[in-house]
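If you want the building blocks of each chain, they are given just below.
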Amino acid sequence: MNLVFLGSPGVGKGTYAQVLRDALKIPHISTGDLLREEAKKETPEGKKIKEAMEKGLLVDDKTTLAVLEKRLSEPDCKRGFILDGFPRNKVQAAELERIIDIDHVLNFLANDEVIIERLSGRMVCDKCKTIYHTSGNMPKVNGICDKCHATLAQRADDSPQAVAKRLYVYKKETAPLIEYYQNKGLLTPITINRPISEIREKVITTVKAFLTGKIHEIGEIK
Ligand code: AMP
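Residues numbered from 1 in each chain as written. Predicted model: local features only at pLDDT ≥ 70, side-chain atom pairs only at ≥ 80, totals over all residues. Heavy atoms only, no water.

For helix 4 (residues 61-72), spanning twelve residues, the distance from its first C-alpha to its last is 16 Å, which sits close to the expected 16 Å at 1.5 Å a residue. Taken together, the buried positions of helix 4 are T63, T64, L65, V67, L68, R71 and L72. In this fold, the buried residues of helix 4 make contact with strand 2 (28-30), helix 2 (31-39), helix 3 (44-55), strand 3 (81-84) and helix 5 (90-99). (Helix = DSSP H or I, 4+ residues; strand = E, 2+ residues; numbered from the N terminus. Expected span 1.5 Å × (residues − 1). Buried < 20%, exposed > 50% of the residue type's maximum accessible area, 1.4 Å probe, protein only. Contact = heavy atoms within 4.5 Å.)

Right, here's the structure in full:
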């Protein structure tokens, strides 16, 4: 099952992807995580990526696509995958179509207040990339990952200036993909306004029911 997760920054799609990756037993591929790894490299390319990311801008399509194609060629992607953060514009969507078929695009939605709250207070494990949040998804020990015990950090692009830029870029470049995938009959809206800690199992059962054809739309998970 090849899935794309769409949604505004702050909607929580990375968190849902981590939950559903375990439930569906397919890898979660976040181009943001892949690019952050590239940005750590002390190469001219790595520095260019880091600069774009810290400003909240998109990394160029060629670089992003090369990183993604390499990841998709790994054996664990044969049974399917969850793509989180790709495509981010129409050029990338067309390129993706050239490489592989997509079965479903889940478009994650939440109220504006929820999105604003989720955009602050996020902490990410630098090692295993698990996402924590001050709004009900806290680690057991402050600042330490429950899973691998590494230190948690705030992302450089979670600063207010970078967040504003990311939201602007999303509206301009990525939001048009909603209509693009709707026209292809691949888009399914999924609204979640409650903290994942409260409805984790419901999210899993609903998405599984949808992917196995037991239900034909999702709507709001309450
Ligand atoms: P994310 O972790 O998905 O929020 O992505 C963080 C940052 O990585 C974005 O603001 C972009 O700078 C970069 N990025 C992630 N995915 C893409 C993509 N598909 N195309 C271009 N840049 C991307």
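Here we take up the pairing of strand 1 (residues 2-6). Within strand 1, five of the five residues are buried, leaving the element largely enclosed by the surrounding structure. Neither face of strand 1 is open: one carries N2, V4 and L6, the other L3 and F5, and all of them are buried. Pairing between strand 1 and strand 3: four bridges, direction parallel. The residue bridging N2 from the neighbouring strand is F81, located in strand 3. (Pairing = 2+ DSSP bridges.)

Let us look at the site of the ligand. If you check the shell around the ligand, you find 16 residues, and the closest are T31, L57, G85, Q92 and R155. Between a nitrogen atom of the ligand and a main-chain N or O atom of V59, the distance comes to 3.0 Å. Taken by itself the ligand offers 480 Å² of open surface, and the protein chains cover 95% of this. Of the residues forming the shell around the ligand, the biggest block, four residues, is contributed by helix 2. Its residues assigned to classes, the shell around the ligand comprises six nonpolar, five polar and five charged. (Near = heavy atom within 4 Å. Polar contact = N/O pair within 3.5 Å; in protein donor to acceptor, adjacent residues only side chain to side chain. Areas by Shrake-Rupley, 256 points an atom, 1.4 Å probe, with all protein chains shown as cover. Nonpolar A, V, L, I, M, F, W, Y, C, P; charged D, E, K, R; others polar.)

In this structure the tally under the stated criterion is three aromatic pairs. Consider the rings of Y180 and Y181, whose centres lie 5.1 Å apart with planes at 85°: the pair is edge-to-face. When sorted by exposure, Y180 lands in the same class as Y181, which is buried. By way of ring pairs, the aromatic residues F5, Y16 and F108 are connected into one cluster. (Phe/Tyr/Trp six-rings, centres within 6.5 Å; stacked < 30°, edge-to-face > 60°.)

Turning to helix 9 (residues 196-211), a few remarks are in order. Along its 16 residues, helix 9 runs just 20 Å from first to last C-alpha, ending more than 12% under the 22 Å computed at 1.5 Å per residue. At K202, helix 9 shows its largest bend, some 35°. By the burial criterion, the buried members of helix 9 are I196, I199, V203, I204, T206, V207, A209, F210 and L211. (Bend = angle between axes of the 7 residues up to and from the residue.)

What follows deals with the sheet that holds strand 5 (residues 122-125). Ordered in space as 6-5-7, the three strands form an open sheet in which the pairing is antiparallel. Strands with a single pairing partner mark the edges of an open sheet, and in this sheet they are strand 6 (131-133) and strand 7 (152-153). Across two bridges, the pairing between strand 5 and strand 7 is antiparallel. Its bridge partner lying in strand 7, C125 is registered against L152.

A few words now on the packing of helix 2 against helix 3. Taken N-terminus to C-terminus, the directions of helix 2 and helix 3 make an angle of 130°; their axes are 7 Å apart at the nearest point. Relative to helix 3, the element helix 2 is oriented oblique. Relative to helix 3, the crossing made by helix 2 is left-handed. Where helix 2 abuts helix 3, its residues G32, L35, R36, E38 and A39 lie against G46, I49, K50 and M53. Of the residues contributing to the contact of helix 2 with helix 3, the split by class is four nonpolar, two polar and three charged. (Axes fitted to C-alpha atoms, helices over the stretch in contact; angles between N-to-C directions. Parallel < 35°, antiparallel > 145°, perpendicular 65-115°, else oblique. Left-handed = near helix turned anticlockwise from the far one by under 90°.)

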